[in-house]
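Here is how the chains run, residue by residue.
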Amino acid sequence: MLFPKKVKHRKWHKGRSRNCGSASQTKTDVSFGDFGLKAMEEGWMSAREIEAARRAITRCIKRGGKVWIRIFPDHPVTFHGNENTMGGGKGAVDHYVAVVKAGTVLFEMSGIDEPSAQEALRLASHKLSLKTRFVKK
């Protein structure tokens, strides 16, 4: 699973989506491969989701071609636990998420034909919590 090796600050603020409905300014085009999976809505993607989608892609293409993951989960999410009283500080870091804006290309692939890529990315999209779309270069 993906997570940062070293962070400057262990716990972050939750953050708010300032531009509700705004599209991403970066990572909007298929740059490395020939086909991609683009996010159609904004949200958080956990490291587990990204890994599950990556495994679905590599299994579908039978380790042929090349896959690029364009997002990285570097945002820590804390969890305080149940049945704790108020106070006592912020909880421990539970997992990491990638903050995704609408229009961001999540995965890219090359080295295989279009129907195989479409099927692999379709299987990967079922593992994700965001709506996605298949895109070509």
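The structure we're discussing is the one just above.
A quick note: this is a predicted structure, and the numbers were derived from the prediction, not measured.

It is worth spelling out the sheet that holds strand β4 (residues 75-79) at this point. With antiparallel pairing, the three strands of this open sheet are ordered in space as β2-β5-β4. Only two strands of the sheet have a single neighbouring strand rather than two, namely β2 (43-46) and β4. Direction aside, the axes of adjacent strands within the sheet are offset by 50° on average. As paired strands, β2 and strand β5 (residues 92-100) are joined by four bridges and run antiparallel to one another. Counted as the bridge partner of Trp 44 is Val 99 from β5.

Here Ser 110 is to be found in strand β6 (residues 105-110). Leaving out residues up to four positions away in the same chain, Ser 110 has contacts with Gly 33, Asp 34, Gly 65, Lys 66 and Trp 68.

Considered as a void within the structure, the largest pocket measures approximately 430 Å³ in volume. Surrounding the largest pocket, 18 residues form its lining, Arg 16, Ser 17, Arg 18, Val 99 and Lys 101 being those nearest its centre. Of all the secondary-structure elements, those providing two or more residues to the lining of the largest pocket are β2 and β5. When the residues that make up the lining of the largest pocket are grouped by side-chain class, the tally is six nonpolar, six polar and six charged. Considering the residues around the second largest pocket, the lining is formed by Ser 24, Thr 26, Lys 27, Ile 71, Phe 72, Ala 98, Val 99, Val 100, Lys 101 and Thr 104. Taken together, the residues of the lining of the second largest pocket break down into five nonpolar, three polar and two charged.

Before going further, it helps to spend a moment on the nonpolar core. Counting 21 residues, the largest nonpolar core has Met 45, Ile 57, Val 100, Leu 106, Phe 107 and Met 109 as its most contacted members. At the level of elements, β1 (35-39), α1 (47-60), β5, β6 and α2 (114-125) are the ones that each hand at least two residues to this core. The element best represented in this core is α2, accounting for four residues. Residues in contact with Phe 107, not counting those within four places in the same chain, are Phe 35, Gly 36, Leu 37, Ile 50, Ala 53, Arg 54, Ile 57, Trp 68, Ile 69, Leu 121 and Leu 128.

Rules of the game
Residues numbered from 1 in each chain as written. Predicted model: local features only at pLDDT ≥ 70, side-chain atom pairs only at ≥ 80, totals over all residues. Heavy atoms only, no water. Pairing = 2+ DSSP bridges. Helix = DSSP H or I, 4+ residues; strand = E, 2+ residues; numbered from the N terminus. Axes fitted to C-alpha atoms, helices over the stretch in contact; angles between N-to-C directions. Contact = heavy atoms within 4.5 Å. 1 Å grid on protein atoms, 1.4 Å probe; cavity = no way out; pocket = protein on both sides within 12 Å on 5 of 7 lines; lining within 4 Å. Points joined across faces, edges and corners; volume = space filled by probe spheres on them. Nonpolar A, V, L, I, M, F, W, Y, C, P; charged D, E, K, R; others polar. Core = buried A, V, L, I, M, F, W, Y, C linked by side-chain atoms within 4.5 Å. Buried < 20%, exposed > 50% of the residue type's maximum accessible area, 1.4 Å probe, protein only.

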